[in-house]
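In case you want the letters, here they are:
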Amino acid sequence: MLKITVLVSGNGTNLQAIIDKIEHKEIRNTELVGVISNNPNAYALERAKKHGIPAKCISPKSFETREQFHQALLEVVNAWKTDLIVLAGYLVILPKAMVEAYSSRIINIHPSLIPSFCGQGFYGLKVHEAVLARGVKVTGATVHFVDGGTDTGPISLQKAVEVKEDDTPEALQKRVMEQAEWEILPKAIDMIANGKIKVIGNKVQKVK
Ligand code: GRF
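Numbers given to residues run from 1 along each chain, matching the order in which its sequence is written. Where local features are concerned, this predicted model is filtered to residues with pLDDT of at least 70; where side-chain atom pairs are given and counted, the filter is 80 or more; whole-chain, interface and lining totals use all residues. The basis for the side-chain values is all heavy atoms of the structure; hydrogens and waters are excluded.

Caption draft 1: Structural context of the nonpolar core. Residue types Ala, Val, Leu, Ile, Met, Phe, Trp, Tyr and Cys, when buried and joined through side-chain atoms within 4.5 Å, form a set referred to as a nonpolar core. Whether a residue is buried, partly exposed or exposed follows from its accessible area with a 1.4 Å probe, protein chains only, as a fraction of its type maximum: under 20%, in between, or over 50%, in that order. The biggest cluster of nonpolar side chains holds 43 residues, and the ones touching the most others in it are Ile4, Val6, Ile18, Leu32 and Ile107. With ten residues, helix H6 (residues 169-193) is the largest single contributor of residues to this core. Those residues within four positions of Ile18 in sequence are excluded, and the remaining contacts are Ile4, Val6, Ile27, Leu32, Val86, Leu185, Pro186 and Ile189. Ile85, Tyr90, Leu94 and Tyr102 belong to the second-largest nonpolar core, a separate cluster that totals 21 residues. Only DSSP runs of H or I covering at least 4 residues are called helices, and only runs of E covering at least 2 are called strands; the numbering of each starts at the N terminus. Throughout, a contact is declared for two residues whenever any of their heavy atoms are within 4.5 Å.

Following this line, the structure appears as structure tokens:
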């Protein structure tokens, strides 16, 4: 049974997709052991509580130093015996010690087709604003393993989504979430939980 901890900062619609798909057994052999947010007002925490899932706010603002915050975050993730950390809209840079301790065991959902529209400053609506400004006809979402960089780790899954002529950033964000994010993040978790993918160097390979 893969134990996953989900880190969130906002509304938690990706978390909700994970919760629902575990409950409907579309994500198999997986236990959601807890949810952590840096933001005390994140509705994602409410979503977890509604489903009886341990939910904690660990905010950098509650600690004197960044190092103390990092230590508190890692302590909880370790205490929950986490096998896989899932970043679902988590907007805080992870501690280096966590990335090293959970090497190839942290995944992130990004709302574009990496390597387009990713990296420093590309998050939330900013991604979709840049997509519309560039005039691309196709965008999408990416699940990737987290390494020491920003949106640079091995790519697990991607799904393309059409950009429409009259799209606003909000309309495009909604379509990318509905048609891509809420599908490929749960699918990636299920594949990892059932040994269907593995990381080889900087690539992800499907296991036959
Ligand atoms: C999503 O668009 C995700 O791609 C990005 O942050 C957003 C989180 O949304 N990383 P939610 O909190 O899951 O609704």
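Caption draft 2: Quick look at the site of the ligand. Consider each residue's heavy atoms; a residue with any of them within 4 Å of a molecule or strand counts as near. In the vicinity of the ligand, the contacting residues are Gly10, Asn11, Gly12, Thr13, Asn14, Gly89, Ile109, Pro111, Met177 and Glu181. Interatomic distance of 2.6 Å between a side-chain N/O atom of Thr13 and an oxygen atom of the ligand. Here Ile109 contributes a backbone N or O atom positioned 3.1 Å from a nitrogen atom of the ligand. Site definitions follow a grid-based scheme: protein atoms alone, a 1 Å grid, a 1.4 Å probe that fits but cannot get out for cavities, and for pockets an open set with protein on both sides within 12 Å along at least five of seven lines, plus lining residues having an atom within 4 Å of a point. For a molecule to be placed in a cavity or pocket, more than half of its atoms must lie within 2 Å of the grid points of that cavity or pocket. In this structure the site holding the ligand corresponds to the largest pocket. Counting only elements with at least two residues in the shell around the ligand, the list comes to helix H1 (13-23) and H6. Under the rule applied, a polar contact is a pair of N or O atoms within 3.5 Å (in protein, one hydrogen donor and one hydrogen acceptor; residues adjacent in sequence only if both atoms are side-chain atoms).

Caption draft 3: Inspection of the layout of surface pockets at higher detail. Grid points are joined across faces, edges and corners, and a volume is the space filled by probe spheres set on the points. Roughly 950 Å³ of internal volume is contained in the largest pocket. Every residue lining the largest pocket is counted, 38 residues in all, and those nearest its centre are Gly89, Tyr90, Leu91, Asn108 and Tyr123. Of all elements in the fold, only H1, helix H4 (96-101), strand S5 (106-110) and H6 reach the threshold of two or more residues within the lining of the largest pocket. Gly counts as polar in this scheme, as do all residues outside two lists: the nonpolar Ala, Val, Leu, Ile, Met, Phe, Trp, Tyr, Cys and Pro, and the charged Asp, Glu, Lys and Arg. Among the residues forming the lining of the largest pocket, the class breakdown is 14 nonpolar, 20 polar and four charged.

Caption draft 4: Local environment of unusual backbone geometry. Here the bond from Ile114 into Pro115 is cis, since omega is 15°, no more than 30 degrees from zero. Tracing the sequence through the fold places Pro115 in the loop between S5 and helix H5 (125-134). Its identity is not glycine, yet Lys25 carries a phi of approximately 60°, on the positive side. Take Lys25: it is sitting in the loop between H1 and strand S2 (30-37). Of note, the phi angle at Ser104 is positive, near 60°, even though the residue is not glycine. Summarising the element assignment, Ser104 is placed in the loop between H4 and S5. Classification of Ser104 by relative accessible area gives partly exposed; the value is 38%.

Caption draft 5: A look at the sheet that holds strand S4 (residues 84-87). Should DSSP find at least two bridges between two strands, the strands are regarded as paired. Strands sit in the order S3-S2-S1-S4-S5-S6-S7 across an open sheet of seven strands; the sheet is mixed. Two strands bound the open sheet, and with one partner strand each, they are strand S3 (55-57) and strand S7 (155-162). Neighbour-to-neighbour, the strand axes of this sheet turn through a mean angle of 20°, independent of strand direction. Two elements, S5 and strand S6 (residues 138-145), share four bridges in a ladder whose sense is antiparallel. Axes, fitted as lines to C-alpha atoms, cover a helix only where it is in contact. Angles between the N-to-C directions of the axes lie from 0 to 180 degrees.

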